[in-house]
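# Reading the structure
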Amino acid sequence: TNTFDYFEKRGIPYNKPLFLVGSRLSVILKNCDIIENVQQLYKEFRNDKISGMFEYKHPVYFIRDPEIIKKLTIKEFEHFTDHRLVIDENVEPLFAKGLFGLTGQKWKDMRATLSPAFTGSKMRLMFNLMNQVGSQMTSTIRDQINEGISNEVEFKDFAKKFTLDIIATCAFGIEVNSFKHPDNDFFKIGGKATNFANIPIYKLVLFFLLPDLMAKLRIKLLDNDLYEFLDVTMTDTFSEREKRGIVRNDIIDLLLQAKKGNLTHDEDQEISNESFAAVEESDIGKHKVKRNWTDEELLAQCFGFFFAGFETVSTVMTLLAYELLLNPEVQTKLQHEIDKVAQSLNGKELTYERVQSMKYMDMVVSETLRKWPPAPLVDRKCTKPFTLEYDDGKKLDFEIGRNFYFPIYAIHHDPVYYPNPEKFNPERFSDENKDKLSNVLYSPFGIGPRSCIGSRFAILEVKTIFYYLLLNFNFEATSKTKVPLKFVKVPTIFVIDGGLDVKLVPRTS
Ligand code: HEM
């Protein structure tokens, strides 16, 4: 309890901590899910721009004010470059050495090495791989329904198959059709390893409370299965590619180019019709870097993409499906747009440009990410002392190692910024309305130089899959569909309790 007077001394309102658990009792007792937790914290001191909470024994600032969030994450980024990570790189290197876990200069260099792989022009090349997954998998589903297999699906599991196949082909060079071969190792191992709901709560608490002890005892947060599987698969793939000079325009190709220092930001080729939610790369991500990366460091990036992109994208897809069930008029309007694109293609393959041209699709995806941002709370760690001046004369000293949170979910649901926030309303992102939204009020992919590197990849994936699904099927609720959705009471991510049952009714042309 020696830290418990931290906010008192600084005159910051705070959530009274309890021995060992700090402000986290309701989470540990599983009394609330991540959304309820973020909303409680946001509303508790609603008139204060900054409040305090205790993550177990650690004091953490909770920043509610958009202008202060912007200042700390963008203008003063150099003082807050890192995330808080409780995983030791000697124990779980593939996790800790991924972009999310890297710190300081190494993070800057890796970000600059990787960011050219995620520009619009690289996404255009990678689109062919995503397109193949979308079109092949949808026709497998249609065939299966024609053969008499039930058209009622649990959508989260269904969406995971799509996202897993896309990550497998784009980041690992492996082609698996998880609808045809649901028992493939990639799906079995990946699904288990990335499900945070499977991590026992006591383990999470110990990692936050005693990270050094966990490292000394060499206890891992995640199962070994995934590390071993990806390690073997990827090491073979890297050497095979280099030996045979295979080019697939996937992330492995780009990493191998990056390893040789041949990958640069091609700004002149940036693509128009950018998705609204996509984040712009900062100058840090665009600087030229010459650094030799080891195979392990490159493998850690693939692992990181897998980890960051599998659960998040499948969650967004499931919540988008949920909103289409509840808002049939949105589904119909979206299908009109899709049908028009399909007609204009006249039997030819879907292209990146056509996907990007769908305005209503972009509005629907943007609104899904507003209402359901899969990362409801994001953190930063102070890496250089900083004094914040705010509210005409108030001062707050951030010392090295101190963390703060900014609550993406709560800002996206604050009626001051989004009137009637629980209503799913894609019109918020119409041409007339969207420009009123700043990058802090709308930040499903985080803010500033450290924001999500995979935003374009994620959005393209969702749009491509929904193009094929809605072209082929109407989504309908079944007698088992639960409304409203409930979430498993875990403190980390949205996990839909009991999943989402959807009936896929084949459309007749
Ligand atoms: C809808 C899906 C996704 C959402 C909502 C999402 C959201 C986020 C958020 C909020 C962050 C932290 C940003 C910050 O601290 O300001 C992040 C970081 C990151 N995301 Fe995503 N993400 C998604 C999909 C993906 C995909 C598909 C990939 C990879 C292909 C990816 C790779 C990463 C990486 C590597 C980071 C760490 C970036 C860094 O520290 O420099 N994400 N993401």
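Here, every reference points to the structure presented above.
So, a few notes on the structure that sits alongside this text. Nothing here was measured: the structure is a model prediction, and the numbers come from that model.

### Thoughts on the overall build of the protein
Along the backbone of the protein there are 21 helices and 9 strands. The globule rule puts the C-alpha radius of gyration for 509 residues at 23 Å, and the 23 Å found for the protein is close to it. Taking the principal axes of its C-alpha atoms as reference, the protein extends roughly 70 × 55 × 45 Å. Taken across its 509 residues, the protein has 42% of its residues classed as buried. Across the protein, the fraction of contacts at a sequence separation of at least 24, relative to all contacts at a separation of at least 6, is 77%.

### With respect to the nonpolar core
Ranked by internal contacts, the top residues of the largest apolar core, which has 126 residues, are Ile 63, Ile 167, Ile 251, Cys 302, Leu 320, Ala 321 and Val 462. For this core, the element with the most residues is helix H15 (residues 295-326), which contributes 18 residues. Residues in contact with Ile 63, not counting those within four places in the same chain, are Ile 50, Ile 68, Ile 69, Leu 72, Phe 404, Tyr 405 and Phe 406.

### Overview of the sheet that holds strand E1 (residues 50-55)
Adjacent strands of a sheet form backbone hydrogen bonds with each other and so pair up, either parallel or antiparallel. In space, the 4 strands of this open sheet follow the order E1-E2-E7-E4, with mixed pairing throughout. Pairing within the sheet leaves two strands with one partner each, and these edge strands are E1 and strand E4 (378-381). Going from strand to strand, the sheet's axes swing by 30 degrees on average, the running direction of each strand aside. For E1 and strand E2 (residues 58-63), the ladder comprises 6 bridges, and the chain directions are antiparallel.

### A short note on the site of the ligand
Near the ligand there are 25 residues, and of these Ala 308, Gly 309, Gly 446, Cys 452 and Gly 454 occur at the shortest range. Mapped by element, the contributors of at least two residues to the shell around the ligand are H15 and helix H21 (455-472). Broken down by element, the residue count for the shell around the ligand peaks at 7 residues, all from H15. Here the shell around the ligand is composed, by residue class, of 17 nonpolar, 6 polar and 2 charged.

### Concerning H21
An ideal rise of 1.5 Å per residue puts 26 Å on 18 residues; H21 measures up with 26 Å between its terminal C-alpha atoms. With 16 of 18 residues buried, H21 lies mostly within the body of the structure.

### What about the sheet that holds strand E3 (residues 152-154)?
Taken in spatial order, the 3 strands of this open sheet run E3-E9-E8, and their pairing is antiparallel. In this open sheet, the two strands that pair with only one neighbour each are E3 and strand E8 (473-477). Geometrically, the sheet is characterised by an average inter-axis angle of 35 degrees between neighbouring strands, direction not taken into account. The strands touched by helix H8 (residues 155-171) are E3 and strand E9 (501-506); relative to E3, the strand with the most contacts, the crossing angle is about 75 degrees. Lying on the sheet, H15 is in contact with E8 and E9; it crosses E8 at an angle near 80 degrees.

Definitions and limits used
- Here the residue numbers are simple positions, counted from 1 along each chain's written sequence.
- Only residues with pLDDT of 70 or above have their local features reported here, since the model is predicted, and side-chain atom pairs are shown and tallied only from 80 upward, although totals for entire chains, interfaces and linings are computed over all residues.
- Note on conventions: DSSP H or I runs of at least 4 residues are helices, E runs of at least 2 residues are strands, and numbering of each starts at the N terminus.
- The size measure is the radius of gyration over C-alpha atoms, and the globule rule it meets is 2.2 Å times the number of residues to the 0.38 power.
- Counting other C-beta atoms within 10 Å of a residue's C-beta gives its exposure: the residue is buried at 20 or more, exposed at 12 or fewer, and partly exposed in between, where C-beta atoms are placed from the backbone.
- We call two residues in contact if the C-beta atoms placed from their backbones are at most 7 Å apart.
- By definition, a nonpolar core groups buried Ala, Val, Leu, Ile, Met, Phe, Trp, Tyr and Cys residues that are joined through C-beta atoms within 7 Å.
- If DSSP finds at least two bridges between two strands, the strands pair.
- Every axis corresponds to a line fitted to the C-alpha atoms, with the helix fit spanning only the stretch in contact, and the corresponding angles, defined between N-to-C directions, vary from 0 to 180 degrees.
- Should the C-beta atom of a residue, placed from the backbone, lie within 6 Å of a molecule or strand, that residue is near it.
- Following the grouping adopted for this structure description, the nonpolar residues are Ala, Val, Leu, Ile, Met, Phe, Trp, Tyr, Cys and Pro, the charged ones are Asp, Glu, Lys and Arg, and the polar ones are all others, Gly among them.
- What a helix should span is 1.5 Å times the count of its residues minus one.

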